[in-house]
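Residue-level structure breakdown
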Amino acid sequence: MTQRAKIDTDGGSTRDTPVEPGPPVVHRPAGLTAAEVAERVARGEVNDVPVRSSRSTTDIVRANVFTRFNAIIGVLWVIMLIVAPIQDSLFGFVIVANTGIGIIQELRAKKTLDGLAVIGEAKPSVRRDGRAAEISTSEIVLGDLIELGPGDKVVVDGVVAEADSMEIDESLLTGEADPVVKRPGDPVMSGSFVVAGGGAFTATKVGREAYAAQLAEEASRFTLVHSELRSGISTILKYVTWMMVPTAIGLIISQLVVQDNDLKNSIARTVGGIVPMIPEGLVLLTSVAFAIGVIRLGRKQCLVQELPAIEGLARVDVVCLDKTGTLTEGGMDVTEVRLLNGSDETYVHKVLGALGESDPRPNASLQAIIDAYPDAEEWRCTESLPFSSARKYSGAAFSEGDGEDSTWLLGAPDVLLPHGDPSLADIDRLNEQGLRVLLLARTVHELDSPNVAKDARATALVVLEQRLRPDASDTLAYFADQNVAAKVISGDNAVSVGAVAGKLGLPGAANTVDARTLPPDTEEMAKVLDENAVFGRVTPQQKRDMVAALQSHGHTVAMTGDGVNDVLALKDADIGVSMGSGSEATRAVAQIVLLDNSFATLPSVVAEGRRVIGNITRVATLFLTKTVYSVLLAILVVISQIEYPFLPRHLTLLSTLTIGVPAFFLALAPNKERAKPHFVRRVMRYAIPGGVVAAAATFTTYLLARHHYTGADALGAETSAATLTLFLVSMWVLAIIARPYTAWRLALVAAMGGAFLLVLVVPWLQEFFALRLVGTTMPWAAVAIAAAGAAVLEIAWRWVDRRFPA
């Protein structure tokens, strides 16, 4: 047969132009010449829209340095450098170090993200000087001829120059799910993608003039702020600011006006009361945790296109898996061809070879047929119908070389055959073995007829064996162990899908549901989805509806896929996960791209998300407990009209030992608990009682010490006793947060206690931090009050757990 020019998946030509006798060959446009490209580049007619996977270096530095709380602390730091010893200014050096760590970690994450983005970047096939080659989207110039095939995204606006049964989905732009048939001269818009057929279009608008350029840039940029965790922290910081401002004003007036003390000492104690109100390390630690998460996933060839995806996956309780390309590998093998209705084997092989040649962009099933059956030289394709996920079959019309014409369909047997056909029983038995079966049928209708499949004569069954991913079984077992429900959703035959899922050990695989029987009502569909795990014959629109139905029941849904039929569902799911080898359209809408195409990477992604979110929720309690007790202590001091008990050096020491150092290690520890909603409520229900108990115990010790000590150095002794109580209560908060205990967590808590003990017994450290326990009565009283506070804290948190469950 006449061989048609064919574009392979890499964009290069794999077959020669026609050489056999036949109708005159239609010459394809050659595209721009190198000289024309150079002229357009010189004129600036280039698709130069910046697509960033992460923030710029300037943005990262600005976001970490120029914050509201850094400004407050910076002013207080300058004041302390002027009026007090250097040890009272330690909090400023800590902030500088923390900010530097945050910047370095985010820059490392940016380097990882940008490197992976280059690897995963879609490269459109552009025809220049008569030859097709893959180039970066930023190298496209005005007037370029860009080739398209199934799954390719339209990257700039243009006009169709060639079309071979090309159908384009514009749903991401218009919301209309039905694909649009495109013919030469029709416009195409950037952001749409090809679902069937192929062709080429001429770029008419590039760069920021393209219809979807700004939308694409917005979708591609760093979007860390859009997450429950980030919005929750912002809410907390807003309330902290409201509490802090009036409290700080009252404290300033109390220490500078009411107390007739030395000015510098009053300023130092005022600053000592204000600084600990600020949970400055919480924002930093969140940024560092996200950044380290990106770096860890990057090492596993996982591109996180939107950082909140890490948080989203931590909350996922349902993962929807596409069978082909996810549970099975892309390739297939033809294991058998079963002849039907007395067909001739040699003739059937010729038909299959011709069908393989008729599609310039074969899918995995057709590629297996191409590999098994060579092209029939004397056959000529006169018309073709590309495969579509919606109709479940493809077709072609041929001139067979001996004057005969024929039209053939290849696709799903249960779609092409009438209900009750005896062949369906054999097909079911094959499907039960996990085999994929296609029906070859001859039709008497034209390919563009809406009834093309009606009365088609079954000719042969093509039996294909799918290659299971070796890691799929372990991955499904991981999800089951983590209480994440796995739903296999496929366009293939339901029985076949169930057999594959059964081989992989998925619970519920025996009860496979044919999606054609699903109720259209969202509530009813959600009930069926909750009760079953495997679904076959699912249309692209149904995939989208199924995601919505699951979400309507309160599920957080992750969707995996690699084909154009998965795009709508990927976009609507809470988290879209695409394979690196998937279509350009799926990679564009997914938040996470598995560049190595390994389904086994998903558990690592889920685990990383749980580690980040679970640990941030855990350590946020430490930071906010400090904020609560600092505000309450300031209020109590203002009401009592007495000196604030602490200098900045005391609270810097306590914050470092009970919050800063432990929080860093706890935030990076393993954590398998699925993230739960209502971040602010979960954190504050512990931070408020913890802060109240710490403030009450500390202020009680301080008042007792004021009555116990007299003389010139009484204030130093009072401060030391109060510091001891506050440290012990804060340590108990840390001890509770660190549960359940492991060897390294016990060692961490013990090390922080040992460091404080070292300060109390080493003379020069006593002097540096102005901590000297005087006598035995008051120090032991401070310990006793702290022990009572710890007991109250245990009771209070257990009551909170029962009264306000998360």
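Residues numbered from 1 in each chain as written. Predicted model: local features only at pLDDT ≥ 70, side-chain atom pairs only at ≥ 80, totals over all residues. Heavy atoms only, no water.

Concerning the side chain of threonine 99
- By the element assignment, threonine 99 lies in helix 4 (residues 90-120).
- In this structure threonine 99 comes out as buried when scored by relative accessible area, which is 14%.
- In contact with threonine 99, not counting residues within four places along its chain, are Asn64, Val65, Asn70 and Leu284. (Helix = DSSP H or I, 4+ residues; strand = E, 2+ residues; numbered from the N terminus. Buried < 20%, exposed > 50% of the residue type's maximum accessible area, 1.4 Å probe, protein only. Contact = heavy atoms within 4.5 Å.)

Focus on the packing of helix 15 (residues 472-481) against helix 21 (residues 602-640)
- It is at 9 Å that the axes of helix 15 and helix 21 come closest, and there the two elements cross at 25 degrees. The angle between helix 15 and helix 21 places the two elements in the roughly parallel class. Residues Thr475, Tyr478 and Phe479 of helix 15 form the contact with helix 21, whose participating residues are Leu602, Pro603, Val606 and Ala607.
- For the contact of helix 15 with helix 21, the per-class residue count stands at six nonpolar, one polar and no charged. (Axes fitted to C-alpha atoms, helices over the stretch in contact; angles between N-to-C directions. Parallel < 35°, antiparallel > 145°, perpendicular 65-115°, else oblique. Nonpolar A, V, L, I, M, F, W, Y, C, P; charged D, E, K, R; others polar.)

Description of a nonpolar patch on the surface
- Taken together, Val245, Ile249, Ile252, Ile253, Leu256, Val257 and Leu263 make up a surface patch of nonpolar side chains, about 620 Å² in accessible area.
- Sort the elements by how many residues they give to the nonpolar patch and helix 7 (residues 228-258) lands first, with six residues.
- Within the secondary structure, valine 245 is located in helix 7. (Patch = residues over 30% accessible without salt bridge, like charges linked within 9 Å, V, L, I, M, F, W, Y side chains within 5 Å. Areas by Shrake-Rupley, 256 points an atom, 1.4 Å probe, with all protein chains shown as cover. Salt bridge = Lys/Arg side-chain N within 4 Å of Asp/Glu carboxyl O.)

Focus on the pattern of salt bridges
- Under the criterion given, the structure shown has 20 salt bridges.
- Across the pair lysine 527 and glutamate 524 runs a salt bridge, and its minimum N-O distance is 3.9 Å. Placement of both lysine 527 and glutamate 524 in helix 17 (residues 522-531) is noted, with a separation of three residues, approximately one turn of the helix.
- Under the relative-accessibility criterion, lysine 527 is labelled partly exposed at 38%.
- Note that aspartate 572 and arginine 544 form a salt bridge whose closest N and O atoms lie 2.6 Å from each other. Residue aspartate 572 is found in helix 19 (residues 567-572), and its partner arginine 544 is found in helix 18 (residues 540-552); the two are separated by 28 residues along the sequence.
- Under the relative-accessibility criterion, arginine 544 is labelled buried at 19%.
- Put simply, Asp414, Asp514, Arg516 and Arg537 are held in one network by salt bridges that share partners.

What to know about unusual backbone geometry
- Geometrically, the link from arginine 739 to proline 740 is a cis peptide bond, its omega value of -5 degrees lying close to zero.
- As for its placement among the helices and strands, proline 740 is situated in the loop between helix 24 (714-737) and helix 25 (743-761).
- A positive phi angle is found at arginine 537, which is not glycine, with a value near 55 degrees.
- With respect to the helices and strands, arginine 537 occurs in the loop between strand 18 (534-536) and helix 18.
- One non-glycine residue, alanine 770, adopts positive backbone phi at about 55 degrees.

Thoughts on empty space enclosed by the protein
- Scanning the model with the defined rule gives four cavities of 30 Å³ or more in all.
- Taken as a whole, the second largest cavity spans an internal volume of roughly 60 Å³.
- Secondary-structure elements contributing two or more residues to the lining of the second largest cavity are strand 19 (557-561) and helix 21.
- When the residues that make up the lining of the second largest cavity are grouped by side-chain class, the tally is nine nonpolar, one polar and one charged. (1 Å grid on protein atoms, 1.4 Å probe; cavity = no way out; pocket = protein on both sides within 12 Å on 5 of 7 lines; lining within 4 Å. Points joined across faces, edges and corners; volume = space filled by probe spheres on them.)

Observations regarding the packing of aromatic side chains
- Under the counting rule described, the total for this entry stands at twelve aromatic pairs.
- When the ring of tyrosine 239 is compared with that of tryptophan 242, the centres are 5.4 Å apart and the planes differ by 80 degrees; the resulting orientation is edge-to-face. Of this pair, tyrosine 239 and tryptophan 242 are both found in helix 7, three residues apart, which corresponds to roughly one turn of the helix.
- Between phenylalanine 727 and phenylalanine 756, the aromatic rings sit 3.8 Å apart at their centres with planes inclined by 10 degrees, giving stacked as the arrangement. Taken together, the positions of phenylalanine 727 in helix 24 and phenylalanine 756 in helix 25 put the pair 29 residues apart, joining distant regions of the chain.
- Ring pairs connect the aromatic residues Tyr347, Trp379, Phe398 and Trp408, which therefore count as one cluster.
- Lysine 238 extends its terminal NZ or CZ atom over the ring of tyrosine 239, reaching a point 5.7 Å from the ring centre. (Phe/Tyr/Trp six-rings, centres within 6.5 Å; stacked < 30°, edge-to-face > 60°. Lys NZ or Arg CZ within 6 Å of the ring centre and 35° of its normal.)

Some details on the sheet that holds strand 20 (residues 575-579)
- Across the sheet, which stays open at both edges, the eight strands sit in the order 8-21-20-19-9-16-18-17 with mixed pairing between neighbours. Each having just a single partner strand, strand 8 (302-304) and strand 17 (513-514) make up the two edges of the open sheet.
- Examined bridge by bridge, strand 17 and strand 18 share two bridges and lie parallel to one another. For aspartate 514, the partnering residue across the bridge sits in strand 18 and is glycine 536.
- Set on the sheet, helix 18 makes contact with strand 9 (318-321), strand 16 (485-489), strand 18 and strand 19; between it and strand 19 the angle comes to about 160 degrees. (Pairing = 2+ DSSP bridges.)

Some words on the confidence of the model for the protein
- Summarising the model, the protein shows a mean pLDDT of 82, and 89% of its residues fall at 70 or more.
- Confidence, read as mean pLDDT per element, is least for helix 6 (residues 213-220) in the protein (47) and greatest for helix 25 (95).
- Low pLDDT (under 50) marks residues 1-26, which in the prediction has 56 contacts with non-local residues, meaning those over four places away or in another chain.
- Of the regions scoring below 50 in pLDDT, residues 215-226 engages in 23 contacts with residues more than four places distant in sequence or in other chains. (pLDDT = per-residue confidence, 0-100.)

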